[in-house]
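Each chain, letter by letter, is given below.
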Amino acid sequence: MLSVRLDHLNDLDEWRGKARRLLAAGLKPSQVVWRVGAEENGLFEAGDDMLPQTDGPIGSVPRQFMELAGSVIQHSEPERFALLYRMLWRLQQDSRILANAADADTGMLTKLASAVRRDAHKMKAFVRFRAIPDADEEQYIAWFEPEHHTLEATAPFFCRRFAGMVWGIVTPYSSAFWDKENLRFGPGGSKKDIPAEDAVEDDWQTYYDSIFNPARLKVAMMKSEMPMKYWRNLPEAARIAPLIRNARQMEQDMIARAATQPPARHTRQKAHEVEEEAKDIQSLSDAAEAIGGCRRCPLYEHATQPVFGEGPAQAEVMFVGEQPGDQEDLAGRPFIGPAGQVFDEAMEKAGIDRSRLYVTNAVKHFKFEPRGKRRIHQKPNAGEIQACRFWLNLERDFLKPKIVVALGASAAQSLLGKAVTISKMRGQPIPLEDGAVLFITNHPSYLLRIPDPQKKREESANFDADLALIRDHMEKLHAA
Ligand code: URA
């Protein structure tokens, strides 16, 4: 048995170098044991110094495998290196195994990769920086406990998001430091090295209070979106119990938050990569999974996560908004913030049961302009809407809704492929090429932004009338 030693827990290049040499030496997966760092060899294991120093020829390795491997290598599963090597070995004989979802190794690779993606999302959403007291320059530090070894691959997200701040993130296994120019990695640390509290916490708490939406209070859901494991590191978690207690009162007082500006320009990844990926998307839940890797436009760079549609897979009616807002971006769910509250109230008034609808957006990543600690909503441009039609079309293909409702101009543009004027198009069913009918109405946040009370009343009445028409259509559909 050969023991192959890796210096790093999650370095794909290091693993690949060793794996190629193993292949060159013709060593079968069953002849190899993978060890990391100072882990001791077993009694009957030889060291890997006898491996040839050069790579041997290697058959083609599908790009999909390398993408999966980039995630899987970060998983804390000790068998991940062996699994990857077994897969690489098998791919030399049969390059199609990855297309076989029933294959146990393929299933395991996909499962580990999804867990890693989820872990990275949690890190993006739940890392909280604290000011380091008495530092010469303003510096921030955060403690985070990921389930997997996701810090190295996720740290660049924080460099982009907090480019102008000097910060560090410490985890039990590794740490990352950003000095506004360079990202460095160091050893892991412990929670007691991190300052307990500071002024930034007040900002987080105020921020959390302001985004808390009592109208959609669901404790079980909160626990799944913000697992309790992370609560102890979140200053705002201390606010959860009082917020829940005061929810009724807050519901009365809730105010709308506005928003807008584009992120810096970034290179667009070639569309054909996603088309490749589309071949593996066989269902709505595959699409919800695959969108985690979307690079079709630059918006993924700054958003916390993509927000896919939500609702029963048999829903006959699909509502399409513009893009997730601040709260939707953090929670990963559509229409849960202030616009969601207007939406919910209007649905209730119209007698439409939201739980029977599929609710989604034309653009799946939050586009915003950072302004101080706030993120101000920016309207997506035509290119971003076009890039994201890929996902909306997949949702329509799998769901096959009979009625589609565009909330606002961006949704209408995505569904019709051209810009239209809402006032000219509302109040009438518009046939779509797949047999569904489209209704176009205003976006709920448009109503939130109207300052003049008289105009607001008129526009709300128009919105209610549009929804009543849609409800009648739904009832007719049902009767038929
Ligand atoms: N606005 C939208 O268009 N969609 C959401 O999910 C939230 C706000």
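Residues numbered from 1 in each chain as written. Predicted model: local features only at pLDDT ≥ 70, side-chain atom pairs only at ≥ 80, totals over all residues. Heavy atoms only, no water.

**Q** In this structure, what is going on with the overall build of the protein? I would like to understand it.
**A** Scanning the protein from terminus to terminus reveals 19 helices and 14 strands. Put simply, the protein has 480 residues, and 49% of those count as buried. Here the analysis covers contacts within the protein between residues at least 6 apart in sequence; of these, 73% occur between residues at least 24 apart. Carbon and sulfur atoms make up 52% of the accessible area of the protein, which amounts to about 23100 Å² in all. (Helix = DSSP H or I, 4+ residues; strand = E, 2+ residues; numbered from the N terminus. Buried < 20%, exposed > 50% of the residue type's maximum accessible area, 1.4 Å probe, protein only. Contact = heavy atoms within 4.5 Å. Areas by Shrake-Rupley, 256 points an atom, 1.4 Å probe, with all protein chains shown as cover.)

**Q** Can you help me understand the state of the cysteines in this one?
**A** Throughout the structure, instances matching the rule amount to zero disulfides. Cysteine 388 supplies the cysteine sulfur nearest to cysteine 294, a cysteine that is in no disulfide, at a spacing of 6.1 Å. Judged by relative accessible area, cysteine 294 falls into the buried class, the value being 7%. Between cysteine 297, a free cysteine, and cysteine 388, which holds the nearest cysteine sulfur, the sulfur-to-sulfur gap is 6.4 Å. (Disulfide = S-S within 2.5 Å.)

**Q** In this structure, what is going on with the site of the ligand? I would like to understand it.
**A** Surveying the vicinity of the ligand reveals the residues Gly321, Glu322, Gln323, Pro324, Gly325, Glu328, Pro334, Phe335, Ala339, Asn361 and His443. For the ligand, an oxygen atom lies 2.8 Å from a polar atom in the backbone of phenylalanine 335. Histidine 443 is positioned with one of its side-chain polar atoms (N or O) 2.6 Å from an oxygen atom of the ligand. Relative to its unbound accessible surface of 240 Å², the ligand loses 93% to contact with the protein. Residue composition of the shell around the ligand, grouped by class: four nonpolar, five polar and two charged. (Near = heavy atom within 4 Å. Polar contact = N/O pair within 3.5 Å; in protein donor to acceptor, adjacent residues only side chain to side chain. Nonpolar A, V, L, I, M, F, W, Y, C, P; charged D, E, K, R; others polar.)

**Q** Help me out: how do you make sense of the packing of helix H2 (residues 63-72) against helix H4 (residues 104-126) in this one?
**A** The interhelical angle for the contact between H2 and H4, taken along N-to-C directions, is 55°, at an axis separation of 8 Å. Judged by the inter-axis angle, H2 sits oblique to H4. The crossing of H2 and H4 is left-handed. Within the contact between the two elements, H2 uses Phe65, Leu68, Ser71 and Val72 and H4 uses Leu109, Thr110, Leu112, Ala113, Val116 and Arg117. Tallied by class, residues from the contact of H2 with H4 come to seven nonpolar, two polar and one charged. (Axes fitted to C-alpha atoms, helices over the stretch in contact; angles between N-to-C directions. Parallel < 35°, antiparallel > 145°, perpendicular 65-115°, else oblique. Left-handed = near helix turned anticlockwise from the far one by under 90°.)

**Q** Help me out: how do you make sense of the packing of helix H14 (residues 338-350) against helix H19 (residues 453-479) in this one?
**A** How two helices pack is summed up by the angle between their axes together with the distance between the axes. Viewed as axis vectors pointing N to C, H14 and H19 meet at an angle of 55°, and their least axial separation amounts to 9 Å. Here H14 is positioned oblique relative to H19, judged by the angle of their axes. With respect to the hand of their crossing, H14 and H19 are arranged in right-handed fashion. The segment H14 lies against H19, with Ala346, Met347, Lys349 and Ala350 engaging Phe463, Asp464, Leu467 and Arg471. Residue composition of the contact of H14 with H19, grouped by class: five nonpolar, no polar and three charged.

**Q** Any chance you could explain the nonpolar core here in plain terms?
**A** A general feature of soluble globular proteins is that nonpolar side chains tend to end up buried together. Counting residues in hydrophobic clusters, the biggest one holds 35 residues, and the most contacted among them are Val320, Trp391, Val404, Leu438 and Ile440. Where this core is concerned, the elements lending two or more residues are helix H12 (284-290), strand S8 (317-321), helix H15 (382-399), strand S12 (403-407), helix H16 (409-416) and strand S14 (437-441). No other element matches H15, which puts eight residues into this core. Aside from chain neighbours lying at most four places away, what touches valine 320 is Thr360, Asn361, Ala362, Leu392, Val404, Val405, Ala406, Leu407, Ala411 and Leu415. (Core = buried A, V, L, I, M, F, W, Y, C linked by side-chain atoms within 4.5 Å.)

**Q** How should the packing of aromatic side chains be read in this particular structure?
**A** By convention here, two paired aromatic rings are described through the distance between centres and the angle between planes. Enumeration according to the criterion identifies 14 aromatic pairs in this entry. Seen from their ring centres, tryptophan 34 and phenylalanine 81 are 6.2 Å apart, and the 35° between their planes marks the pair as tilted. Placement of tryptophan 34 in strand S2 (residues 32-36) and of phenylalanine 81 in helix H3 (residues 80-93) is noted, with a sequence separation of 47 residues between them. Judged by centre distance (5.1 Å) and plane angle (85°), the rings of phenylalanine 157 and phenylalanine 158 are edge-to-face. Just above the ring of phenylalanine 390 sits the side chain of arginine 296; from NZ or CZ to the centre is 4.2 Å. (Phe/Tyr/Trp six-rings, centres within 6.5 Å; stacked < 30°, edge-to-face > 60°. Lys NZ or Arg CZ within 6 Å of the ring centre and 35° of its normal.)

**Q** What's the story with the sheet that holds strand S7 (residues 183-187) in this structure? I'm lost.
**A** The pairing of strands in a sheet happens through backbone hydrogen bonds and is either parallel or antiparallel. With respect to topology, five strands assemble into an open sheet ordered S3-S4-S5-S6-S7, the strand pairing being mixed. The outermost strands of the open sheet, each flanked by one partner alone, are strand S3 (130-131) and S7. With five bridges connecting them, strand S4 (residues 139-143) and strand S5 (residues 166-170) associate as parallel partners. Of the residues in S5, the one forming a bridge with glutamine 139 is valine 166. (Pairing = 2+ DSSP bridges.)

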